[in-house]
Amino acid sequence: MEMANETEDQTDHPSTGFNEQLLGGPFPHGSDVPTIQPQFLLAPGLLPVQRSEKRIPNPSGHTKHESDTNQMAALQTPSPFAGPASRFAPPRLRCLLLPATMSLSSSISVASAQNPEPSRAAAGEQRPLLPHSTLEIAGARSGLLAGFDSLRRPYRPYPVFASNRHVETIFAAFTRSLPAVTFRRECLRAPDDGAVALDWVSGDDRALPPDAPLLILLPGLTGGSQDTYVRHMLLRARSKGWRVVVFNSRGCAGSPVTTAKFYSASFTGDLRQVVDHVLARYPQCNIYVAGWSLGANILVRYLGEETKCSLSGAVSMCNPFDLVIADEDFHKGFNNIYDRALANSLRAIFKKHALLFEGLDGEYNIQKAANAKTVRDFDEGLTRVSFGFKSVDDYYSNSSSSDSIKNVSIPLLCIQAANDPIAPSRGIPREDIKANPNCLLIVTPQGGHLGWVAGDEAPFGCPWTDPIVMEFLEHVQNEKSSTTKNSNQYEQQSVPQTSVPHVSVHVQR
């Protein structure tokens, strides 16, 4: 894959309407955020929140707790991030949130008083290594679980807005803040003359060392670097000193479409070439990938295909896993709204490049794709033909990532929500995950699809998953660094005495 184009992008990618947001598409900003409707799609330095607790006396003689939030810039280098988050809930919604916030704070304070954190217990008492009972955990070795401090705390969904899976999905899609980030775009040409776009954080090539760990972000269907969940994850990783790049699939986030072929749940070729390209640019670093929804499905399939995987670790979130089951649920009840919204987004991308598909022979049904009312219609008319499947059912059956889990050979974290309307819990390959020591599954009781309105930054900040993902990635990175260090020490000790000076110089580099 050769470099085709490289540009600076200092503004957010324009939105083409809120129908494209759910599951990973653009959203309107600021005052354009409409009243919540059932239509949507699947930083300068990060300013981490530090909370201190104050006791304030009141007339009754009791004390109350007040959260005092101080924000501190995390990066010392010139920041590529333009400023505070630009998308928040309307003032009317904030007024409604205040009582819920007070209620949540009170409940947490009471719970903390009744069940003090292990760290506040008597001196010498060890913290429990088991995850909290509110979470379903499966697979992986105990040493990996010990690296998760956050999993010892209960999963506390935000009141009201996390009470229903559809409400949570919609609420997160419309009101989660959108951090401002300055990107530098790199367009890559694929062997079939297709193209994808890589969005790098501007300035990181100079600010970070060449061996800084690197995280590739792979959004969901029609998603890209404009999405809130992508940018929050980017900021958290960047604040830890990681290099981050967003992989925008063909046609997504303004990525150019140069052939009569988009991408699919089964196609891992573009991801493989992106990983190879990034590794060639930064050969000294460890590379990781985090994917959401359809991007997670593609990622897990890629991992299962790689007998000698170049990645050091990976994270899968909201993965549908079994596309046959996901397709069945997609046509039930309220899920039809998501189906139509995604179809609208696919049609919008298609119409921008319709001339590329004029006069195609064979089984293509261009009219059906151009007027698709459901994702299945679009896949039947275009996707399954482009990638050589006999039917749309054949495409779904042979594009699922559930069968790939058993072949994953690197550390993989899978995070799912039990009430996800798009990625059904019954499609999770639990037994295969348990049987593979490289895999770890975390299932939260709530979360919706790409929602997870819980945690310290709820309801407008990052999803509950972001701190968990970073704990996992840093744990794996530390293990890799420790292994490399021990290996270097062993090599130095095993070399004959006459070669020691040469080896010593090599190690110091």
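Residues numbered from 1 in each chain as written. Predicted model: local features only at pLDDT ≥ 70, side-chain atom pairs only at ≥ 80, totals over all residues. Heavy atoms only, no water.

Let's talk about the overall build of the chain
- For the chain, the count of helices and strands is 15 helices and twelve strands.
- Going through the 509 residues of the chain one by one, you find that 51% of them count as buried.
- With an accessible surface of roughly 22,600 Å², the chain has 51% of that area assigned to carbon and sulfur atoms. (Helix = DSSP H or I, 4+ residues; strand = E, 2+ residues; numbered from the N terminus. Buried < 20%, exposed > 50% of the residue type's maximum accessible area, 1.4 Å probe, protein only. Areas by Shrake-Rupley, 256 points an atom, 1.4 Å probe, with all protein chains shown as cover.)

Considering the pattern of salt bridges
- Applying the stated criterion across every chain yields a total of 21 salt bridges.
- The partner of Glu-305 in a salt bridge is Arg-272, with the nearest N and O atoms 2.8 Å apart. One end of the pair, Glu-305, is in helix H7 (residues 294-305); the other, Arg-272, is in helix H6 (residues 269-281), and 33 residues separate them in sequence.
- For Glu-305, a relative accessible area of 37% puts it in the partly exposed group.
- The network of salt bridges with shared partners includes Arg-272, Arg-301, Glu-305 and Glu-306. (Salt bridge = Lys/Arg side-chain N within 4 Å of Asp/Glu carboxyl O.)

Remarks on helix H8 (residues 323-330)
- Burial analysis of H8 places six of its eight residues in the buried class, which makes it a mostly covered element.
- Listed as buried for H8 are Leu-323, Ile-325, Ala-326, Asp-327, Asp-329 and Phe-330.
- Structurally, H8 contributes buried residues whose contacts are with H7, helix H9 (335-352), helix H11 (375-386) and helix H12 (392-397).
- Here H8 starts with a cap whose side-chain oxygen sits 3.0 Å from the backbone nitrogen of Val-324, and that cap is Asp-322. (Contact = heavy atoms within 4.5 Å. Polar contact = N/O pair within 3.5 Å; in protein donor to acceptor, adjacent residues only side chain to side chain.)

Overview of the packing of aromatic side chains
- Under the counting rule described, the total for this entry stands at 15 aromatic pairs.
- Between Phe-350 and Phe-378 the ring centres are 6.3 Å apart and the planes differ by 85°, which places this aromatic pair in the edge-to-face class. Taken as a pair, Phe-350 in helix H9 and Phe-378 in helix H11 lie far apart in primary sequence, 28 residues in all.
- Ring pairs connect the aromatic residues Phe-262, Phe-350, Phe-357 and Phe-378, which therefore count as one cluster.
- Lys-261 extends its terminal NZ or CZ atom over the ring of Phe-267, reaching a point 5.2 Å from the ring centre. (Phe/Tyr/Trp six-rings, centres within 6.5 Å; stacked < 30°, edge-to-face > 60°. Lys NZ or Arg CZ within 6 Å of the ring centre and 35° of its normal.)

Observations regarding the environment of Phe-460
- Inspection of the secondary structure puts Phe-460 in the loop between strand E12 (439-444) and helix H14 (465-494).
- In sequence terms Phe-460 and Arg-176 are 284 residues apart; their C-alpha atoms lie 4.5 Å from each other.

Notes on helix H3 (residues 165-175)
- For H3, the tally of buried residues reaches nine of eleven residues, placing the bulk of the element in the interior.
- Within H3, burial applies to His-166, Glu-168, Thr-169, Ile-170, Phe-171, Ala-172, Ala-173, Phe-174 and Thr-175.
- The N-cap residue of H3 is Asn-164: its side-chain oxygen and the backbone nitrogen of His-166 are 2.8 Å apart.

Things to note about the confidence of the model for the chain
- Per-residue pLDDT for the chain has a mean of 80; in total, 69% of the residues score no lower than 70.
- Across residues 23-79 the pLDDT falls below 50, and counting only partners more than four positions away or on other chains, this stretch makes 156 contacts in the model.
- pLDDT under 50 marks residues 82-92. Its contacts with residues more than four places away, or in other chains, come to 29 contacts. (pLDDT = per-residue confidence, 0-100.)

Quick look at the nonpolar core
- Grouped together as the largest cluster of nonpolar side chains are 64 residues, with contacts concentrated most on Leu-214, Ile-216, Phe-262, Leu-303, Leu-311 and Leu-412.
- Of the residues forming this core, the biggest block, six residues, is contributed by H7.
- Excluding anything up to four places from it in sequence, Leu-412 contacts Val-300, Leu-303, Ala-314, Val-315, Ser-316, Ile-405, Asn-438, Cys-439, Leu-440 and Phe-472.
- The next biggest cluster of nonpolar side chains, apart from the first, holds 41 residues, and it includes Leu-135, Ala-237, Val-246 and Phe-472. (Core = buried A, V, L, I, M, F, W, Y, C linked by side-chain atoms within 4.5 Å.)

Considerations on the pairing of strand E9 (residues 287-292)
- Of all six residues in E9, six are buried, a share of seventy percent or more.
- Side chains of E9 alternate between two faces, with Ile-287, Val-289 and Gly-291 and Tyr-288, Ala-290 and Trp-292 buried alike.
- Sheet analysis places E9 next to strand E10 (residues 313-317), joined by five bridges and oriented parallel. Within E10, the residue paired with Tyr-288 across the bridge is Gly-313.
- Between the parallel elements E9 and E10, the chain passes through H7 in a crossover that is right-handed. (Pairing = 2+ DSSP bridges. Right-handed = clockwise from strand over helix to strand, strands pointing away.)

Considering the packing of H6 against H7
- For the pair H6 and H7, interaxial distance at closest approach is 9 Å and the crossing angle is 70°. Considered as vectors, H6 and H7 are oriented roughly perpendicular to each other. For the pair formed by H6 and H7, the contact residues are Leu-271, Arg-272 and Val-275 on the first element and Ile-298, Leu-299, Tyr-302 and Glu-305 on the second.
- Among the residues forming the contact of H6 with H7, the class breakdown is five nonpolar, no polar and two charged. (Axes fitted to C-alpha atoms, helices over the stretch in contact; angles between N-to-C directions. Parallel < 35°, antiparallel > 145°, perpendicular 65-115°, else oblique. Nonpolar A, V, L, I, M, F, W, Y, C, P; charged D, E, K, R; others polar.)

Details of the packing of H9 against H11
- Taken N-terminus to C-terminus, the directions of H9 and H11 make an angle of 40°; their axes are 8 Å apart at the nearest point. On the basis of the axis angle, H9 is oblique to H11. Contact residues: Asp-339, Leu-342, Ala-343, Leu-346 and Phe-350 in H9; Val-375, Phe-378 and Leu-382 in H11.
- Of the residues in the contact of H9 with H11, the class split is seven nonpolar, no polar and one charged.

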